[in-house]
Amino acid sequence: MPQYKLTYFDLRGRAEPIRMMFAIAGVPVEDKRIQMEEWMDVKKDYQFEKLPVLEVDGVQVSQTLAIIRYIARENGFAGPDNLTAAKADALCDQYADFITAFMQWHIKALYESDYLPAKAKNFHYFEAALAKSSTGWYADTADLTHADVVIAAGLEMLKSLDKNADKLFDGFPLMEAHYKKYFAHPKLQKYLEERPDAKY
Ligand SMILES: N[C@@H](CCC(=O)N[C@@H](CS)C(=O)NCC(=O)O)C(=O)O
């Protein structure tokens, strides 16, 4: 097995789905956390000058979704065939588009004008994907895929930042059921018990 080192800030953020994917796969990874004060000194050492970065036997892989797809594929969590993997990829990409809109809202306080419409539109897409699933996992797979990890971890962050978090799933019962099913996944329990406390 390769030596894995994941570098990110001392936050959950974009690294959390990656850490969770490793935990579910049962693969050890060094969880290197850089303090903000150190970042400017080392930024240039990373391919796109952004984190997270995964090192695989010293070889850098950048971009959150590229990293998570790689771990899922390596460990049998990308579905049984390429078409299923592509469906999981599409859900991850759609979630990433949505969370980018959310970040703009969070920075510029565009809650009503930008966030709420983006949330309503996207949650309908995700609810519809689950309505087509016979297993309760987003890509209709027997066990979860990276799409389930990316969306559930992303929603956990959203819950910590949305001022109306208690209403996050109102009107979206399948998404709520998925969220609970994900956080009850047996392979995630030890990680959840041991991970450092963090707001997001
Ligand atoms: N699309 C990239 C975005 C990476 C990104 O924006 N990372 C932020 C932290 S969440 C970062 O490294 N910020 C520090 C900087 O830009 O100097 C990904 O998903 O990995």
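As annotated in an unreviewed UniProt entry, the protein chain is Glutathione S-transferase from Pristionchus pacificus.

Looking only at helices and strands, the protein chain has eight helices and four strands in total. Along the protein chain, helices (α) and strands (β) appear in the sequence β-α-β-α-β-β-α-α-α-α-α-α when read from the amino end. Compactness check: the protein chain gives a C-alpha radius of gyration of 17 Å against a globular reference of 16 Å for 200 residues, within 12% of the reference. Along the longest, intermediate and shortest principal axes, the C-alpha atoms of the protein chain span 45 × 40 × 30 Å. Considering only residue pairs separated by 6 or more positions, the protein chain has 70% of its internal contacts joining residues 24 or more positions apart. Accessible surface, the protein chain as shown: approximately 10,400 Å² in total, 53% of it carbon and sulfur. Distance between charge centres in the protein chain, computed from 25 positive and 30 negative side chains, equals 3 Å.

Okay, the sheet that holds strand 3 (residues 53–56) next. On the basis of which strands lie adjacent, the open sheet formed by four strands has the order 2-1-3-4 and mixed pairing. Edge positions in the open sheet fall to strand 2 (30–34) and strand 4 (59–62), since each of these has one partner strand only. Shown here is a sheet whose adjacent strand axes are inclined to one another by a mean of 25°, direction ignored. Alignment of strand 1 (residues 4–9) against strand 2, held across five bridges, turns out to be parallel.

Another point: the pattern of salt bridges. As enumerated under the stated definition, the model contains 11 salt bridges in all. Taking the shortest distance from any N to any O, the salt bridge between Glu-16 and Arg-19 comes out at 3.0 Å. Remark: Arg-19 and Glu-16 occur in helix 1 (residues 16–25); sequence separation between them is three residues, near one turn of the helix. By relative accessible area, which is 4% here, Arg-19 ends up buried. Here Arg-195 ties to Glu-16 by a salt bridge, and the two come within 3.0 Å at their closest N and O atoms. Of this pair, Arg-195 sits in the segment after helix 8 (189–194) while Glu-16 sits in helix 1, and the two are 179 residues apart along the sequence. For Glu-16, a relative accessible area of 3% puts it in the buried group. Through salt bridges with shared partners, a single network forms among Asp-10, Glu-16, Arg-19, Asp-31, Arg-33, Glu-156 and Arg-195.

Turning our attention to the packing of aromatic side chains. Scanning all chains against the criterion turns up 16 aromatic pairs. Ring geometry for Phe-102 versus Tyr-115: centroids 5.6 Å apart, planes at 65°, classification edge-to-face. Note that Phe-102 is positioned in helix 4 (residues 82–108) and Tyr-115 in helix 5 (residues 111–131), a separation of 13 residues in sequence. Neither residue differs from the other here; Phe-102 and Tyr-115 are each classed as buried. Between Tyr-182 and Phe-183, the aromatic rings sit 5.0 Å apart at their centres with planes inclined by 90°, giving edge-to-face as the arrangement.

Moving on, we get to the site of the ligand. Surrounding the ligand, one finds Tyr-8, Phe-9, Arg-14, Trp-39, Lys-43, Lys-50, Leu-51, Pro-52, Gln-63 and Thr-64. Leu-51 is positioned with one of its backbone polar atoms (N or O) 2.7 Å from a nitrogen atom of the ligand. When the free accessible area of the ligand is taken as 520 Å², the share hidden by the protein chains comes to 72%. By residue class, the composition of the shell around the ligand is five nonpolar, two polar and three charged.

Turning our attention to the packing of helix 6 (residues 146–161) against helix 7 (residues 173–183). Where helix 6 contacts helix 7, the two axes come as close as 10 Å, and the packing angle between them is 105°. Of the possible angle classes, the one that applies to helix 6 and helix 7 is roughly perpendicular. Contact with helix 6, carried on its side by Asp-148, Val-149, Ala-152, Leu-155, Glu-156 and Lys-159, involves Met-175, His-178, Tyr-179, Tyr-182 and Phe-183 of helix 7 and no other residues of that element. Partitioning the contact of helix 6 with helix 7 into residue classes produces seven nonpolar, one polar and three charged.

The geometry of helix 1 relative to helix 6 is characterised by a closest axis approach of 9 Å and an angle of 135° between their N-to-C directions. By the angle class used here, helix 1 and helix 6 are oblique. Relative to helix 6, the crossing made by helix 1 is right-handed. On helix 6, the residues touching Pro-17, Met-20, Met-21 and Ile-24 of helix 1 are His-146, Val-149, Val-150, Ala-153 and Glu-156. Classifying every residue of the contact of helix 1 with helix 6 gives seven nonpolar, one polar and one charged.

Conventions adopted
Residues numbered from 1 in each chain as written. Predicted model: local features only at pLDDT ≥ 70, side-chain atom pairs only at ≥ 80, totals over all residues. Heavy atoms only, no water. Helix = DSSP H or I, 4+ residues; strand = E, 2+ residues; numbered from the N terminus. Rg over C-alpha atoms; globule rule 2.2 N^0.38 Å. Contact = heavy atoms within 4.5 Å. Areas by Shrake-Rupley, 256 points an atom, 1.4 Å probe, with all protein chains shown as cover. Lys, Arg positive; Asp, Glu negative; His and termini not counted. Charge placed at Lys NZ, Arg CZ, Asp CG, Glu CD. Pairing = 2+ DSSP bridges. Axes fitted to C-alpha atoms, helices over the stretch in contact; angles between N-to-C directions. Salt bridge = Lys/Arg side-chain N within 4 Å of Asp/Glu carboxyl O. Buried < 20%, exposed > 50% of the residue type's maximum accessible area, 1.4 Å probe, protein only. Phe/Tyr/Trp six-rings, centres within 6.5 Å; stacked < 30°, edge-to-face > 60°. Near = heavy atom within 4 Å. Polar contact = N/O pair within 3.5 Å; in protein donor to acceptor, adjacent residues only side chain to side chain. Nonpolar A, V, L, I, M, F, W, Y, C, P; charged D, E, K, R; others polar. Parallel < 35°, antiparallel > 145°, perpendicular 65-115°, else oblique. Left-handed = near helix turned anticlockwise from the far one by under 90°.

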